[in-house]
There are 2 protein chains.
Amino acid sequence: MEKKLSHADILQMDRHQRRNFVNTLSGIKNAQLIGTRSADGVDNLGLFNSVVHIGATPPSLGFIMRPLTVERQTYNNIKALGHYTLNQINRNIYEQAHQASAKYDAGRSEFEATGLTPYFSDRCKAPYVKEAQIKIGLEFAEEHYIQINHTWLIVGRIVEVILPGEAIAETGHVDTAALDGVGVSGLDTYYDLEKIGILPYARP
Amino acid sequence: MEKKLSHADILQMDRHQRRNFVNTLSGIKNAQLIGTRSADGVDNLGLFNSVVHIGATPPSLGFIMRPLTVERQTYNNIKALGHYTLNQINRNIYEQAHQASAKYDAGRSEFEATGLTPYFSDRCKAPYVKEAQIKIGLEFAEEHYIQINHTWLIVGRIVEVILPGEAIAETGHVDTAALDGVGVSGLDTYYDLEKIGILPYARP
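How each quantity is defined
- Residues numbered from 1 in each chain as written.
- Chains lettered and ligands numbered in written order.
- Predicted model: local features only at pLDDT ≥ 70, side-chain atom pairs only at ≥ 80, totals over all residues.
- Heavy atoms only, no water.
- Salt bridge = Lys/Arg side-chain N within 4 Å of Asp/Glu carboxyl O.
- Helix = DSSP H or I, 4+ residues; strand = E, 2+ residues; numbered from the N terminus.
- Buried < 20%, exposed > 50% of the residue type's maximum accessible area, 1.4 Å probe, protein only.
- Phe/Tyr/Trp six-rings, centres within 6.5 Å; stacked < 30°, edge-to-face > 60°.
- Lys NZ or Arg CZ within 6 Å of the ring centre and 35° of its normal.
- Least-squares fit on C-alpha atoms with pLDDT ≥ 70 in both.
- Contact = heavy atoms within 4.5 Å.

**Some points on the pattern of salt bridges**
As a working rule, side chains carrying opposite charge can pair if their charged atoms are close by.
Here is step 1: Within the structure shown, the criterion is met by 14 salt bridges over all chains.
Here is step 2: Residue Glu160 of chain A pairs with Arg123 of chain A through a salt bridge whose shortest N-O separation is 3.1 Å. Residue Glu160 of chain A is found in strand β11 (residues 151–164), and its partner Arg123 of chain A is found in the loop between β8 (118–121) and β9 (124–129); the two are separated by 37 residues along the sequence.
Here is step 3: Residue classification places Glu160 of chain A among the buried positions, given a relative accessible area of 0%.
Here is step 4: Note that Asp192 of chain B is salt-bridged to Arg91 of chain B, the shortest N-O span being 2.9 Å. Remark: Arg91 of chain B occurs in the loop between β7 (83–88) and α4 (94–99) and Asp192 of chain B occurs in strand β13 (residues 189–198); sequence separation between them is 101 residues.
Here is step 5: Taking relative accessible area as the criterion, Arg91 of chain B reaches 35% and is therefore assigned partly exposed.

Here's what the structure looks like:
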């Protein structure tokens, strides 16, 4: 039975319903752990599902940061260090990764709390997650304040990508499903991916 | 075999390889048709895989618009009309939807070219796609110029959502897989979704 909900109808949902509804509405999203290091040297992990492709030239990615009305370790660390990492969540670590969304004190590393392993590479000052098959090192590039709800778009330039070489096809495609990548809908519902197929470049 | 690619290594790939590589790197994305209407009354559809959740209060979504160095019908129409729609691509229409990524002349409607059906509702001036199970009507709210590659973040306020009532759980969750929603990796690789499970709210 078709249902029409207006802006006012959505605002009238209770807070948790509305959060789940709007978060799941846009469909499947990727799930990433963002790795950062604080000025005090504490390694931090945060769970994000809002990573968006910005462009291939230069290679760059963005993500949405919640309002800075409370302390955001990920944000503070990115601004302090200039570097951060994106680590793709896969089937083997999604439960540990989900635990990184809990609110730990600033002095406690989510690596320790989740049992995931920090991994370092010369080109990036922030910690990667060893267990992630696709590791992306980024350098902060720009930020945009989104007035409608006080969130931020954070844009970074890719400084390094670490992944299994055999996962890159000759065409450049990386097959996320072959690497056991998962998708997330909303904040908590995880999905396996099964390839349907590759469609040719569309012409009129 | 682990492979490390630097920023320079990625820039040295050929244009098509680099486009595929960076587009697939961030994992699975949702696939949406954006419906708009031109000042001349021509209905337009564009294929987008960069829709991102902005917030639940007010309910709002964003997407990334390619540089305006060539004519962008979707952009021009959104600015002219103020309204646009997001239509979730499902298993039954993904091939037709993909065809909307072809470059048609401004006078030709992608509805006609793809065989998809326009659908109208009082609250939104732009056309929905009848065959989409989740239809979201938006009002343009703000835009942000991304300096790194001249793209734009377009943010809209949700004015209406049309979907099967039984798809909304009591918790507010919309199950995109139950509605045959698909994911896309890069620009051309489509995936079915299979639910693994819902994880509880994480606490330290």
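**Examining the packing of aromatic side chains**
Here is step 1: All chains considered together, the criterion is met by twelve aromatic pairs over all chains.
Here is step 2: Residues Tyr119 of chain B and Tyr128 of chain B carry aromatic rings whose centres are separated by 6.2 Å and whose planes lie at 70° to one another, so their mutual orientation is edge-to-face. A single burial state applies to Tyr119 of chain B and to Tyr128 of chain B, both of which are buried.
Here is step 3: Where Tyr145 of chain B meets Trp152 of chain B, the ring centres are 5.1 Å apart and the plane angle is 55°; that geometry is what we call tilted.
Here is step 4: Its relative accessible area of 16% is what places Trp152 of chain B among the buried residues.
Here is step 5: By way of ring pairs, the aromatic residues Phe48, Phe63 and Tyr84 of chain A are connected into one cluster.
Here is step 6: One Lys or Arg, Lys135 of chain A, reaches over the ring of Tyr119 of chain A and ends 5.1 Å from the middle of that ring.

**Re the relation of the copies chain A and chain B**
Here is step 1: Placing chain A over chain B gives an RMSD of 0.0 Å and needs a rotation angle of 180°, together with 0.0 Å of translation along the axis. Interpreted geometrically, this transformation is the action of a two-fold axis.
Here is step 2: Interface residue correspondence from chain A to chain B reaches 100%, placing this contact among same-surface, isologous pairings.

It is worth stressing that arrangement in space is one thing and function is another; only the former is reported here.
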